[in-house]
Amino acid sequence: MNSLFSPCVQAQRVPTVKNGFKQGMKLEGIDPQHPSMYFVLTVAEVCGYRLRLHFDGYSDCHDFWVNANSPDIHPAGWCESTGHKLHTPKGQRIVDTPRGCKEEEFTWTNYLRMTKAQVAPKEVFASPGRMDVKCGFETGMKLEAVDRMNPSLICVATVTDVVDNRFLVHFDNWDDTYDYW
């Protein structure tokens, strides 16, 4: 690579190797419109190194594109293993309980059996350009952050999540749609 590029810029370049994702594979990932929320996703389309992801249980109009090495996507079970809340597919079957009705407990095993689908194997997530190092921030830390829509506005914010070398900025007393990694 050209030495004019910083390591950060090099990590953002689209790798030239083929990715291992296939249409129909299931995974977990961040909603680009609500960066603090993780959902069950399906690979709807593979185009070179890009993936079109579909929110299970939602309209196709919410589909979005990511690179195969995106830090916003994870293997099935990642949320449970890291303590993140996974938003399960809309319209899950409701079951009766002694205290009324509640949503059926989501498990990947049951969901895969019900949908006759397969998960994206963990190996396809270990892609070139993905950086799995820790940053120095911790959940709950306070900071001043720039509003990306209005860069002259600097606001009090809180670190609400840390994943590998990234942290989620949440502006205090703002809606989570303004959060960013």
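Further up the page is the structure itself.
Below you will find a few notes about this structure. Computed from a prediction, not measured in an experiment: that's the story for all the values here. (Residues numbered from 1 in each chain as written. Predicted model: local features only at pLDDT ≥ 70, side-chain atom pairs only at ≥ 80, totals over all residues. Heavy atoms only, no water.)

## What to know about the packing of aromatic side chains
- If you walk through the whole model with that rule in mind, you get 13 aromatic pairs.
- Geometrically, the ring pair formed by Y38 and W78 is tilted, given 5.3 Å between the ring centres and 45° between the ring planes. Residue Y38 is located in strand β2 (residues 34–47), and its partner W78 is located in helix α2 (residues 78–82); the two are separated by 40 residues in the primary sequence. There is no split in this pair, since Y38 and W78 are both buried.
- With a centroid separation of 6.1 Å and an interplanar angle of 50°, the aromatic rings of F171 and Y180 are classed as tilted. For the pair F171 and Y180, a shared accessibility class is recorded, and that class is buried. (Phe/Tyr/Trp six-rings, centres within 6.5 Å; stacked < 30°, edge-to-face > 60°. Helix = DSSP H or I, 4+ residues; strand = E, 2+ residues; numbered from the N terminus. Buried < 20%, exposed > 50% of the residue type's maximum accessible area, 1.4 Å probe, protein only.)

## Concerning the nonpolar core
- By size, the foremost hydrophobic cluster in this structure holds 17 residues, and its most contacted members are F21, L51, L53 and I73.
- Looking at this core, the elements with two or more residues in it are β2, β3 (50–55) and β4 (64–67).
- Not counting residues up to four positions away in its chain, the partners in contact with L51 are N19, F21, V43, E45, V46, F64, W65, V66, A68 and I73. (Core = buried A, V, L, I, M, F, W, Y, C linked by side-chain atoms within 4.5 Å. Contact = heavy atoms within 4.5 Å.)

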